[in-house]
Amino acid sequence: MSEENPEKQEKAMEHMEHEDHKGHEDHHTHMLADFKRRFIISMVLTVPVLLLSPAIQSLSGLEIPIPGSNYILFLLSAAVYFYGGYPFLKGFLDEMKNKSPGMMTLIAVAISVAFLYSSAVVFGLAGKMFFWELVTLIDIMLLGHWLEMRSVMGASKALEELVKIMPSEAHLLKGEEVTDVRVDELKTGDRVLVKPGEKMPVDGTVIKGETSVNEAMLTGESLPVPKSEGEEVIGGSINGEGSVQIEVRKTGKDTYLNQVIELVSSAQESKSRTQDLADRAALVLTIIALSVGVLTLGSWLYFGSEFVFALERAVTVMVITCPHALGLAIPLVVAVSTSLAANSGLLIRDRQAFERARNVQAIVFDKTGTLTQGKFGVTDIVPLADADKNEVLGLAASLESNSAHPLAIGIINTAKEMGLDIKSPEEFSSMPGKGIEGLVEGRRLKVISPGHLREIGVNVTNDDVMKIEEQGRTVVFLLEDNRPVGALGLADIVRKESKEAIASLKSADIKCMMLTGDNEFVARQVSEELGLDEYFAGVLPHQKAEKIKYVQQEYVVAMVGDGVNDAPALVQADVGIAIGAGTDVAVESADVVLVKNDPRNVADVIMLSRNTYSKMFQNLLWATGYNAFAIPLAAGVLFSYGILLSPAAGALLMSLSTVIVAINAKTLKMQ
C-alpha cells in the first residue's frame, strides 16, 4: 500500500462529510421551497372553491349557477387535500410508525375528517359540505410551516456563514513558482502566499512577511491582530495590508474553522433538558386534543346540535391545539443562542452544562494564563541613585535586548509599552544563574539577581525593595560599575480585563475565587488587586479537582482554566470553561470553550445562559398558556355569547402563536 493512500482516504472522508453537510443544507432548502410551492398552488385552487361554496355564496349574496358545482368543489378540494395536505398526511404516518403522535397527527386527523365527511355529503349523505373550511385550513397550515422553516433556517444562518468563510483556492509556493490550487489539495508543511485583502486558506504559521489580520468573523475580536514571523494565523481570517507567506499547519477537519462548525452544529442538534420537557408536554397535548375533540363532538351531538356543527367544533379543537408553537419553542432558542455564542467567540460543547451555567453561584479561576497573562512584566521600579524610573527601565531593557530569558522579555515588553527608547548594547555577556552584563552607550551595566548582588559584596537596604520581595515578586538590580542604580520588581501581570470581569460577575452575585500553585504572598497580592472573595494558594495540578469538590459543598461551581493542566478540575466542576483556547478549540474536558483570551467572556457565558433559559421559559409559557385559553374557545364554551371560531380561524390563531414564539426566540441577545 502506498504512503499516499491514508491521506487520500482522509481527503475522501472530508469530501464525503462536506457533501453530507451540503446535502443536509440542500434538503432544508428543498423543503422550504416545497412548502412555498404547495402553499401557492393550494391558494390558487382555494379561490374557485370559495366562489363555488354555498356558504360563501349565501354570505356574499353572489350566486354562480354552474351545473355539477358540487362535484367540481369535490375535485378541487381533493386536489388541495392530497397535494397541499401531503406533508401533514406523510408526517402522520411517520409519527404513527415511531409511536409518537404529535402535531402532524392532529392536523392529519382534522383535515381527513373534514374531507371525508364533506365528500360523503357530495355523494349522498345528508348534511353540509365542509370544503371551504378544509382548503383554507390547509392553506394556513402550509403558510405556518413555511414561516416556521424560514425562521429555523434564519436562526442557523451563522453556521452557513461559517461554512462560506473558507476560500476555495490558495497560492501554493514551490520554490519561487506560485501555483493556484484547491485548498483541499494542500498538505501540512506546504508554503502558501497570501496577498493583501485575501483570506487565509488554512491554519498556519507566518514564515515570511508582516501584516495585520481581521479575525472578527472567527473570534469576535473587532481590532485587526498584528502578525509577524513565527505567529499563527487562522484559516478564513482576512489578511490586511501586508503580503505574507505561511506554512500549512492544519488542513481539513483539523482546522479551527471546521472544529467550530462541528461544535456549533452538534450543539444546535443536541437536546436540552428543557426540550425534553417540551416534547413530553407536546405528547400530552396531542392526547388531550384528540380526547377533547371527541368529547366536544359527543357533547354537541348530545345537546341536539347538527352533526356538521359538532364536527366543526371538534376539528377546530384539534387544529387550535396543535403543539406547533410548543415544538418550536425550544429548538429555535437553542439555534439562536448557539449561533449568537459562536459569533461572539463562545463555543458550546455541552448543551446541558451551558444551561446549568445560569445557576452558577461561584466561579473558580486558574491564575496563570487566565486571570494573568502567564508571562512576566515589570510591576515596580525603584530608583536607587540619581536616576528616574524611566532611565532605570530604559537602561535595563537596552542591556537585556539581546537576551531571550523570560525576565528579559518582560523588561523589554514593559519598556516598549511605555514608549521608551531601547538601545542596542555594544558589548553583551551572560552570567548563567546570576544575570547579564554589557556596555550601553559607553556605560558598564549589569542586571543581576539579589543572590549575585550579595556575592559581589553589595548591600542594598531599601524599604520599597523589601516590600516588593515580601509580596513574592521577583527582584533584579541594575548596576553601573557595580554601583546600584535601581531595582525592578517583576511578576506575572494581571490582565487588564480580569478586574472588569470580576466586577461584572460580583455585581451578578457570583462569588469569585482563584486557584494557583504560587505561594501565599503572590496569591494574596493578585486576590487583593482583583477583589476576589477567596483564593487557594500552593495548589498542585492534581489537587485542583479536590478544591473544586470542596467549593461544591456550598455552591454550584464553574471552573475557568486553560483546558489542559486544569482538565480534572474542569470535568469536576458543574460547568467547565476553557479560556484562551486560540486555534486549539477541541478542548475535550471543557463544556464551553472561549476563543478569545478574555476573562470577561466568562460573564458573557453566564448572562447568555440566563437569557437563553428566560427565552425558553417565555416560549413554553406562551405555547402552553395559549392552549389553556384556546381549547375551551375552540370547543364553543362562548357560543351563547355569539363567539365561535371556525377551523380556519383556529388555524390562523395556531399559526400566529407559532410566529410569536419564533419572533421571541430571535430577539435573544447576549446581554
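The name given to the chain in an unreviewed UniProt entry is Copper-translocating P-type ATPase, and the organism recorded there is Methanolobus halotolerans. Regarding the chain, the relevant UniProt record gives this comment under Subcellular location (unreviewed entry): "Cell membrane". Entered under Sequence similarities (unreviewed entry) in the UniProt record, the comment concerning the chain runs "Belongs to the cation transport ATPase (P-type) (TC 3.A.3) family. Type IB subfamily."

Trainee: I'd like a rundown of the environment of Phe74, residues and numbers included.
Mentor: Along the chain, the position of Phe74 falls in helix H3 (residues 69-84). What makes Phe74 buried here is its relative accessible area of 18%. Residues contacting Phe74, with those up to four places away along its chain left out, are Phe115, Ser119, Val122, Phe123 and Phe131.

Trainee: I'd like a rundown of the sheet that holds strand S11 (residues 362-366), residues and numbers included.
Mentor: Pairing is mixed in the open sheet, where seven strands are placed in the order S10-S22-S21-S20-S11-S18-S19. Looking along the sheet, the strands with just one partner apiece sit at the ends: strand S10 (346-348) and strand S19 (534-536). Each neighbouring strand pair of the sheet contributes to a mean axis angle of 20°, computed without reference to strand direction. The pairing of S11 with strand S18 (residues 511-515) spans five bridges and is parallel. Across the sheet, Asp366 pairs through a bridge with Leu515, a residue of S18. The strands touched by helix H23 (residues 600-635) within the sheet are S10, S11, strand S20 (557-561), strand S21 (575-579) and strand S22 (592-594), with S22 carrying the most contacts at an inclination of about 145°.

Trainee: Lay out the UniProt feature "transmembrane region" (unreviewed entry) in the chain in plain terms, naming residues and giving numbers.
Mentor: Taking the UniProt record as the reference, the feature "transmembrane region" (unreviewed entry) is found at residues 39-59, 71-89, 101-123, 129-147, 281-303, 323-348, 620-641 and 647-665. For the annotated span residues 71-89, helix accounts for 95% and strand for 0% of the residues, and the straight-line distance between the end C-alpha atoms is 23 Å. Across residues 620-641, the secondary structure splits into 73% helix and 0% strand, with the terminal C-alpha atoms separated by 30 Å.

Trainee: Let's hear about the sheet that holds strand S6 (residues 225-227): which residues, and what values?
Mentor: Pairing within the open sheet is antiparallel, and its three strands lie in the order S6-S5-S8. At either end of the open sheet lies a strand with only one pairing partner, and these are S6 and strand S8 (238-239). When strand S5 (residues 211-214) meets S8, the two strands line up antiparallel, connected through two bridges. Directly across from Val213, in S8, lies its bridge partner Asn239.

Trainee: Account for helix H15 (residues 389-400), with residues named and values stated.
Mentor: Taking 1.5 Å per residue, 12 residues should reach 16 Å; H15 reaches 17 Å between its end C-alpha atoms and fits that length. A large share of H15 lies buried, amounting to nine of its 12 residues. Those residues of H15 lying buried are Val392, Leu393, Gly394, Leu395, Ala396, Ala397, Ser398, Leu399 and Glu400. Its side-chain oxygen 3.3 Å from the backbone nitrogen of Asn390, Asp388 forms the N-cap of H15.

Trainee: Got a sec to walk through the nonpolar core? Specific residues and values, please.
Mentor: Ranked by internal contacts, the top residues of the largest apolar core, which has 44 residues, are Ile363, Phe365, Leu505, Ile577, Leu594, Val602 and Val605. Ignoring sequence-local partners within four residues, the contact set of Phe365 consists of Thr370, Leu371, Ile502, Leu505, Met513, Met514, Leu515, Val560 and Val602. Counting 40 residues, the second-largest nonpolar core is a separate cluster that includes Phe35, Phe74, Ala78 and Ala108.

Trainee: Quick one: what's the story with the pattern of salt bridges, residue by residue and with numbers?
Mentor: Once the charged atoms of two side chains with opposite charge are near each other, the side chains can pair. One pass over the structure, following the stated rule, counts 19 salt bridges. Glu232 is paired through a salt bridge with Arg249; the nearest N and O atoms lie 3.6 Å apart. With Glu232 in strand S7 (residues 232-233) and Arg249 in strand S9 (residues 244-250), this residue pair connects regions lying 17 residues apart in the sequence. What makes Glu232 partly exposed here is its relative accessible area of 39%. Given the relative accessible area of 26%, Arg249 is considered partly exposed. Overlapping salt bridges, with partners in common, bring together Glu391, Arg443, Glu480 and Arg483 in one network.

Trainee: Explain the confidence of the model for the chain to me, using residue names and the numbers behind them.
Mentor: When pLDDT is averaged along the chain, the result is 80, and 81% of the positions lie at 70 or above. Low pLDDT, under 50, characterises residues 1-23; the predicted model gives this stretch 11 contacts beyond four residues in sequence or across chains. Every residue in residues 582-586 scores below 50 in pLDDT, and together they form 15 contacts with partners more than four places removed in sequence or on other chains.

Trainee: Hey, could you go over the packing of aromatic side chains for me, with residue numbers and the actual values?
Mentor: Summed over all chains, the structure comprises nine aromatic pairs. Aromatic pair Phe82 and Phe115: ring centres 5.8 Å apart, planes at 80°, arrangement edge-to-face. Within this pair, whereas Phe82 is found in helix H3, its partner Phe115 is found in helix H5 (residues 103-122), the two being separated by 33 residues in sequence. Owing to a relative accessible area of 5%, Phe115 belongs among the buried residues under this scheme. Here the aromatic rings of Tyr302 and Phe303 are separated by 5.3 Å at their centres, their planes lie at 80°, and the arrangement is edge-to-face. The exposure class of Tyr302 is exposed, given its relative accessible area of 70%. By relative accessible area, which is 67% here, Phe303 ends up exposed. In this structure, Arg38 packs its charged tip against the face of Tyr83, placed 4.7 Å from the ring centre. Of note, Arg313 hangs over the ring of Phe309, and the distance from its end group to the ring centre comes to 5.6 Å.

Trainee: Can you explain the packing of H3 against helix H4 (residues 86-97)? Please cite residues and give values.
Mentor: Direction vectors running N to C along H3 and H4 enclose 50°, while the axes themselves pass 5 Å from each other. Classified by the angle between their axes, H3 and H4 sit oblique to one another. Across the interface between the two elements, Tyr81, Phe82, Tyr83 and Gly84 of H3 pack against Tyr86, Pro87, Phe88 and Leu89 of H4. Classifying every residue of the contact of H3 with H4 gives seven nonpolar, one polar and no charged.

Trainee: Kindly report on the pairing of strand S3 (residues 191-194), identifying the contributing residues and their values.
Mentor: Direction of pairing for strand S1 (residues 169-174) relative to S3: antiparallel, over a ladder of three bridges. The residue bridging His171 from the neighbouring strand is Leu193, located in S3. Bridge count between S3 and S9: four bridges; the pairing is antiparallel. Paired with Val192 across the two strands is Ile246, which belongs to S9.

Trainee: So what's going on with unusual backbone geometry? Residues and values would help.
Mentor: Only a minority of non-glycine residues have a phi that is not negative, and only a minority of peptide bonds are not trans. With a phi angle near 55°, Asp481 is a residue other than glycine that sits in the positive phi range. Tracing the backbone shows Asp481 in the loop between strand S16 (474-480) and strand S17 (483-494). For Asn482, which is not glycine, the phi torsion reads 65° and is therefore positive. Looking at where Asn482 falls in the secondary structure, it is placed in the loop between S16 and S17.

Procedures and definitions
Position numbers for residues count from 1 along each chain, tracking the sequence in the order it is written. It should be noted that, the model being predicted, local features are given only for residues of pLDDT at least 70 and side-chain atom pairs only at 80 or more, the latter also being counted only at that level, while totals for whole chains, interfaces and linings use all residues. To obtain the side-chain values, all non-hydrogen atoms of the structure were used and water was disregarded. UniProt positions are given in the numbering used here, feature names are shortened, and annotations may be inferred rather than shown by experiment. A helix here means a DSSP run of H or I that spans at least four residues, while a strand means a run of E at least two residues long, and both kinds are numbered starting from the N terminus. When a residue's accessible area, from a 1.4 Å probe over protein chains only, is under 20% of the maximum for its type it is buried; when over 50% it is exposed; and in between it is partly exposed. Any pair of residues with heavy atoms lying within 4.5 Å of one another is described as a contacting pair. Note on pairing: DSSP must find at least two bridges between two strands before they are called paired. Geometry is summarised by axes, namely lines fitted to C-alpha atoms with helices restricted to the contacting stretch, and by angles between N-to-C directions that run from 0 to 180 degrees. Expected span, for any helix, means 1.5 Å times one less than how many residues it has. Under the rule applied, a polar contact is a pair of N or O atoms within 3.5 Å (in protein, one hydrogen donor and one hydrogen acceptor; residues adjacent in sequence only if both atoms are side-chain atoms). Residue types Ala, Val, Leu, Ile, Met, Phe, Trp, Tyr and Cys, when buried and joined through side-chain atoms within 4.5 Å, form a set referred to as a nonpolar core. Note on definitions: salt bridges are taken to be side-chain nitrogens of Lys or Arg within 4 Å of carboxyl oxygens of Asp or Glu. pLDDT measures how confident the predictor is about each residue, on a scale from 0 to 100. Only Phe, Tyr and Trp rings take part, Trp by its six-membered ring, and two of them pair if their centres are within 6.5 Å. Stacked means planes under 30 degrees apart, edge-to-face means over 60, and tilted covers everything else. In this scheme, the term charge over a ring applies when either NZ of a lysine or CZ of an arginine sits within 6 Å of the ring centre and within 35 degrees of the ring normal. Any angle that is under 35 degrees is reported as roughly parallel, and any over 145 degrees as roughly antiparallel; angles of 65 to 115 degrees are reported as roughly perpendicular and all others as oblique. Charged residues are taken to be Asp, Glu, Lys and Arg, nonpolar residues to be Ala, Val, Leu, Ile, Met, Phe, Trp, Tyr, Cys and Pro, and polar residues to be all remaining types, Gly included.

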